[in-house]
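Observations on the three-dimensional arrangement
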Amino acid sequence: MHIEDEHIKDKRNAEVHNAEVHIAGTRIKETDTLLFIGDSITDAGRDRTDSASLGSGYVHEIARTLHDRASGGPGPAVINKGLNGNRVYDLEARWTTDVIDLRPTVVTVKIGINDTWRRYDRGIMSPVDEFEACLDRLLADTARKLSARLVVITPFLLPVTAEQEDWFEDLTPRTEAVLRAATANGAQLVRADLALRRAAEQHEAAELARDGVHPSPPGHRIIADAWLDAVGFAAVPDPRP
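What you see is a predicted model, and the numbers here were worked out from it, not measured in a lab.

What counts and how
Residues numbered from 1 in each chain as written. Predicted model: local features only at pLDDT ≥ 70, side-chain atom pairs only at ≥ 80, totals over all residues. Heavy atoms only, no water. Helix = DSSP H or I, 4+ residues; strand = E, 2+ residues; numbered from the N terminus. Buried < 20%, exposed > 50% of the residue type's maximum accessible area, 1.4 Å probe, protein only. Contact = heavy atoms within 4.5 Å. Areas by Shrake-Rupley, 256 points an atom, 1.4 Å probe, with all protein chains shown as cover. Pairing = 2+ DSSP bridges. Axes fitted to C-alpha atoms, helices over the stretch in contact; angles between N-to-C directions. 1 Å grid on protein atoms, 1.4 Å probe; cavity = no way out; pocket = protein on both sides within 12 Å on 5 of 7 lines; lining within 4 Å. Points joined across faces, edges and corners; volume = space filled by probe spheres on them. Nonpolar A, V, L, I, M, F, W, Y, C, P; charged D, E, K, R; others polar. Polar contact = N/O pair within 3.5 Å; in protein donor to acceptor, adjacent residues only side chain to side chain. Salt bridge = Lys/Arg side-chain N within 4 Å of Asp/Glu carboxyl O. Expected span 1.5 Å × (residues − 1). Core = buried A, V, L, I, M, F, W, Y, C linked by side-chain atoms within 4.5 Å.

Some words on the overall build of the protein
- What the protein contains, in helices and strands, is 11 helices and 8 strands.
- A burial count over the protein gives 50% of its 241 residues as buried.
- Across the protein, every contact between residues at least 6 apart in sequence was considered, and the portion connecting residues at least 24 apart equals 77%.
- Of the roughly 11,800 Å² that the protein leaves accessible, carbon and sulfur atoms contribute 51%.

Written out as structure tokens, the structure reads:
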């Protein structure tokens, strides 16, 4: 950390009236916009008619925590653009209007489980190479057009039936594809799969995700904490006396 002269600090503090939070070596101001996009896990029952609705899942938990950590302000603006049932191709179809046009400064993507699930319940395939190419396009397009900070949450599964164990044949290489696309585009990774797997060592899988896919409130909190830990939000003390 650089030590600034007192007069420089005073000048900066006079110009910056809103609270800030610190994130991995950069600062996010209250005027910044954090956008989350994905499937039903991100959606979490949000009210589609209310742009301020965050649902009842991990996005809501993150926003609440950031508000609590903010120094004298509400914390960064948070937008939830999750839609239940979405696969990566659905995200691509709405990416311009639901991401680029909103000009967020931090974009978090959580996608992949439906690309696997549809193979087993409806026979709809999502080849991993095509999935990866699509996700890579979305991340690269966002970095190019917005210069936004990118965050990618890995898909996960906590099997509650014997049949769901077979899903890993598709999900494991898909998760590896998510990791590659995120790394290739300089995105911060949130390993929700690992966090929930660790939690499942202490709890029944159904306690964290009743159907193996959709998190319970404790499951959403685990994802929120994994995001907060990985992205590195922390309150910045108010330097004013």
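So, the sheet that holds strand β5 (residues 106-110)
- Strand order across the open sheet formed by 5 strands is β4-β3-β5-β6-β7, with parallel pairing between neighbours. With one partner strand each, in any of the chains shown, β4 (77-82) and β7 (188-190) form the two edges of the open sheet. In this sheet, neighbouring strand axes are inclined to one another by 20° on average, regardless of whether the strands run parallel or antiparallel.
- Examined bridge by bridge, strand β3 (residues 33-38) and β4 share 6 bridges and lie parallel to one another. The partner of Leu-34 across the bridge, within β4, is Val-78.

Some words on helix α5 (residues 113-121)
- Of all the positions in α5, only Ile-113, Asn-114, Asp-115, Thr-116, Trp-117 and Arg-118 are classed as buried.
- Residues of α5 that are buried sit in contact with α2 (40-43), α4 (88-98), β5, α6 (128-146) and α8 (168-184).
- Looking one or two residues beyond α5, the residue adopting positive phi is Gly-123, at roughly 70°.

Side note on the layout of surface pockets
- Taken as a whole, the second largest pocket holds about 180 Å³ of empty space.
- If you trace the second largest pocket, you find 14 residues lining it, with Phe-168, Thr-172, Thr-175, Asp-193 and Arg-197 closest to the centre.
- Taken together, the elements giving at least two residues each to the lining of the second largest pocket come down to α8 and α9 (192-199).
- When residues in the lining of the second largest pocket are grouped by element, the largest group, 6 residues, is from α8.
- Classifying every residue of the lining of the second largest pocket gives 8 nonpolar, 2 polar and 4 charged.

Examining the side chain of Thr-142
- One can find Thr-142 in helix α6.
- Separated by 2.7 Å, the side chain of Thr-142 and the backbone oxygen of Leu-138 make a polar contact.
- If near-sequence neighbours (up to four positions away) are discounted, Thr-142 is found in contact with Trp-95, Val-99, Ile-100, Val-107, Ser-147, Ala-148 and Leu-150.

Structural notes on the pattern of salt bridges
- Following the criterion strictly, the structure yields 15 salt bridges and no others.
- A salt bridge links Arg-118 to Asp-121; the shortest N-O distance between them is 2.7 Å. Pair noted here: Arg-118 and Asp-121 are both in helix α5, with a separation of 3 residues, about one helical turn.
- Using a relative accessible area of 9% as the deciding quantity, one classes Arg-118 as buried.

A word on the environment of Pro-127
- In this fold, Pro-127 is placed in the loop between α5 and α6.
- Judged by its relative accessible area of 34%, Pro-127 falls in the partly exposed class.
- The spacing of Pro-127 and Thr-116 is 11 residues in sequence and 9.4 Å in space, taken between C-alpha atoms.
- When near neighbours in sequence (up to four residues on either side) are disregarded, Pro-127 contacts Tyr-89 and Arg-174.

Brief notes about α8
- Its 17 residues give α8 an end-to-end C-alpha distance of 24 Å, which sits within 8% of 24 Å, the value for a rise of 1.5 Å per residue.
- Those residues of α8 lying buried are Asp-170, Leu-171, Arg-174, Thr-175, Ala-177, Val-178, Leu-179, Ala-181 and Ala-182.
- Packed against the buried residues of α8 are α5, α6, β6 (149-153), β7 and α9.
- Downstream of α8 by one or two residues, Gly-186 has phi in the positive range, about 65°.

Some words on the nonpolar core
- With 35 residues, the main nonpolar core has Phe-36, Tyr-58, Ile-62, Ile-223 and Trp-227 as its most contacted residues.
- When residues of this core are traced back to their parent elements, those giving at least two are β3, α3 (58-69), α5, β6, α9, α10 (205-208) and α11 (217-231).
- The element that contributes the greatest number of residues to this core is α11, accounting for 6 residues.
- Contact partners of Phe-36, with chain neighbours within four places excluded, come to Thr-42, Tyr-58, Val-59, Ile-62, Val-78, Ile-79, Asn-80, Lys-81, Gly-82, Thr-108 and Trp-227.

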